[in-house]
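Coordinates in review
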Amino acid sequence: MKLIAIDLDGTLLNTSKQISQINIDSIRRGVTFGFKIVIASGRPTSSLNYFASVLGVDCYLLSYNGSKCFDTLENNRTLIFEENLLEQTINKVIEFSQNNRLVMNFYVEPDTIYVVNWLEKQHLIDGFINVNNAKFTFIDNYEQLLNKTIIKCLLVLDNHNDREEMIERISELSKEANVIRTHCKNNQVAQYYVEILPSQVNKAFGLNQLCNYLKINMNEVVAFGDDDNDQEMLREVGLGICMAQGSVVAKSSSKKISQFTNDQDAVGHEIDLLI
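Cut-offs applied
Residues numbered from 1 in each chain as written. Predicted model: local features only at pLDDT ≥ 70, side-chain atom pairs only at ≥ 80, totals over all residues. Heavy atoms only, no water. Helix = DSSP H or I, 4+ residues; strand = E, 2+ residues; numbered from the N terminus. Expected span 1.5 Å × (residues − 1). Buried < 20%, exposed > 50% of the residue type's maximum accessible area, 1.4 Å probe, protein only. Polar contact = N/O pair within 3.5 Å; in protein donor to acceptor, adjacent residues only side chain to side chain. Phe/Tyr/Trp six-rings, centres within 6.5 Å; stacked < 30°, edge-to-face > 60°. Salt bridge = Lys/Arg side-chain N within 4 Å of Asp/Glu carboxyl O. Pairing = 2+ DSSP bridges. Right-handed = clockwise from strand over helix to strand, strands pointing away. Axes fitted to C-alpha atoms, helices over the stretch in contact; angles between N-to-C directions. Parallel < 35°, antiparallel > 145°, perpendicular 65-115°, else oblique. Left-handed = near helix turned anticlockwise from the far one by under 90°. Contact = heavy atoms within 4.5 Å. Nonpolar A, V, L, I, M, F, W, Y, C, P; charged D, E, K, R; others polar. Core = buried A, V, L, I, M, F, W, Y, C linked by side-chain atoms within 4.5 Å.

What about helix H7 (residues 203-214)?
When the terminal C-alpha atoms of H7 are compared, their 16 Å separation across 12 residues agrees well with the 16 Å that a helix rising 1.5 Å per residue should span. Lys203, Ala204, Phe205, Gly206, Leu207, Leu210, Cys211 and Leu214 are the residues of H7 that are buried. Where H7 begins, one side-chain oxygen reaches toward the backbone nitrogen of alanine 204, 2.9 Å away; that side chain belongs to asparagine 202. Backbone geometry just downstream of H7 places lysine 215 in the positive-phi region, at approximately 60°.

Notes on the packing of aromatic side chains
Geometrically, a pair of aromatic rings is defined through the distance of the ring centres and the angle of the planes. In this structure the tally under the stated criterion is nine aromatic pairs. Look at phenylalanine 33 and phenylalanine 35: their rings are 5.5 Å apart centre to centre, the planes differ by 40°, and that puts the pair in the tilted class. In this structure phenylalanine 35 comes out as buried when scored by relative accessible area, which is 6%. Among the aromatic residues, ring-to-ring pairing joins Phe128, Phe136, Phe138 and Tyr193 into one connected group.

Some details on unusual backbone geometry
Located in the positive-phi region is asparagine 65, a residue other than glycine, with phi close to 60°. Even without being a glycine, aspartate 265 presents a positive backbone phi close to 60°. Among the secondary structure elements, aspartate 265 is positioned in the loop between strand E14 (256-257) and helix H10 (266-274). According to the relative accessible area criterion, aspartate 265 is buried, its value standing at 14%.

Remarks on the pattern of salt bridges
Counted according to the given criterion, the structure contains 16 salt bridges. Residue aspartate 9 pairs with lysine 17 through a salt bridge whose shortest N-O separation is 2.8 Å. The residue arginine 169 makes a salt bridge to glutamate 165 at a minimum N-O spacing of 3.8 Å. Taken together, the residues span about one helical turn, with arginine 169 and glutamate 165 both in helix H6 (residues 160-173) at a distance of four residues. Owing to a relative accessible area of 34%, arginine 169 belongs among the partly exposed residues under this scheme. A single salt-bridge network, built from bridges that share partners, covers Asp7, Lys203 and Asp230.

Notes on the pairing of strand E2 (residues 36-40)
In terms of residue burial, E2 counts as a mostly covered element, since four of its five residues are buried. Sheet analysis places strand E1 (residues 3-6) next to E2, joined by four bridges and oriented parallel. What sits directly across from isoleucine 6, in E2, is isoleucine 39. In terms of strand pairing, E2 meets strand E3 (residues 60-63) through three bridges, oriented parallel. Each residue of the ladder has a partner; that of alanine 40, found in E3, is leucine 62. Taken together, E2, helix H3 (residues 45-55) and E3 constitute a β-α-β crossover, and its handedness is right-handed.

Here we look at the packing of helix H4 (residues 87-99) against H6
Relative to each other, H4 and H6 sit at 140°, their axes nearing to 10 Å. Compared by their axis directions, H4 and H6 come out oblique. Between H4 and H6 the crossing geometry is right-handed. Across the interface between the two elements, Lys92, Val93 and Phe96 of H4 pack against Met166, Arg169, Ile170 and Leu173 of H6. Looking at the contact of H4 with H6 residue by residue, the classes come out as five nonpolar, no polar and two charged.

Looking at the nonpolar core
By size, the foremost hydrophobic cluster in this structure holds 43 residues, and its most contacted members are Met104, Phe106 and Tyr142. The greatest single-element share of this core, amounting to five residues, is contributed by strand E9 (residues 152-157). Other than its neighbours up to four places away in sequence, phenylalanine 106 contacts Val93, Ile94, Ser97, Thr112, Ile113, Tyr114, Tyr142, Leu145, Ile150, Lys152 and Cys153. Within the second largest apolar cluster, 27 residues are counted, among which are Ile6, Phe35, Leu48 and Met243.

Some thoughts on the pairing of strand E12 (residues 221-225)
When you tally the buried positions in E12, you get five out of five residues, the bulk of the element. Both E12 and strand E13 (residues 239-242) contribute to a ladder of four bridges, which runs parallel. For glycine 225, the partnering residue across the bridge sits in E13 and is cysteine 242.

Things to note about the sheet that holds strand E5 (residues 79-82)
Within a sheet, adjacent strands bond to each other through the backbone by hydrogen bonds, running parallel or antiparallel. Pairing within the open sheet is mixed, and its eight strands lie in the order E5-E4-E3-E2-E1-E12-E13-E14. Here the strands that pair on one side only, and so sit at the sheet edges, are E5 and E14. Here E3 pairs with strand E4 (residues 68-70) via three bridges, running antiparallel. Following the sheet pairing, leucine 62 is matched in E4 by cysteine 69. Docked against the sheet, H7 engages E1, E2, E3, E4, E5 and E12, running at close to 140° with respect to E5. Where H10 meets the sheet, its contacts fall on E1, E12, E13 and E14, and the angle it forms with E12 comes to roughly 160°.

Given below as structure tokens:
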């Protein structure tokens, strides 16, 4: 194995959104052993940069669930590739979000999140800030985003049933996009998301682009994940390892299910077994 791909939320991060010292030490040993590391997350690039600095190793960054990939610091964080939403998709999502007064996050580089701050939806915005440590740029209406280049959109909800209803409606609306379920939680807040990505984009797509760049075969990759948005990555690499608390979909896509959860330093324990 030559490359280790690691998801953040629910995988490398514990419930308190921290990286344990056990995980840090194991990843550093893995780098010394010869592994390259890529952080693969739905989060914006700046968030991945921050956690890479916490690790203290020079990682590749695969952000926005596979929409963007950046080289190491040694190589000046050069953009390796990017995929953005089609204009027709953006226009449909803007109209749908405005008409239904949704908390729909629109992601624009460099790491700007635009959203309308609906008074009756303030709890959703406050919850997103709490669980993701996010910073918003508030706008009066979503039509202000027409003609902007959008990387991805993310609908914020606070219960599973609303998400299931919305994912069906958005999937019908945006047939040319990849519409996926994700979620995020900490000790205070649990939220349910619908993410809208370019049609071909997922973490496996992004990881495959990085492997082509590095001249590494996908069979030479170990990937760690826990949720539905990790399924393609876990399935298509040489060794996909799911956290013990992972989703049913993530577990069924993995070659191995760790006996440890993200709160039990699963990534660290599993890397030590690889060395």
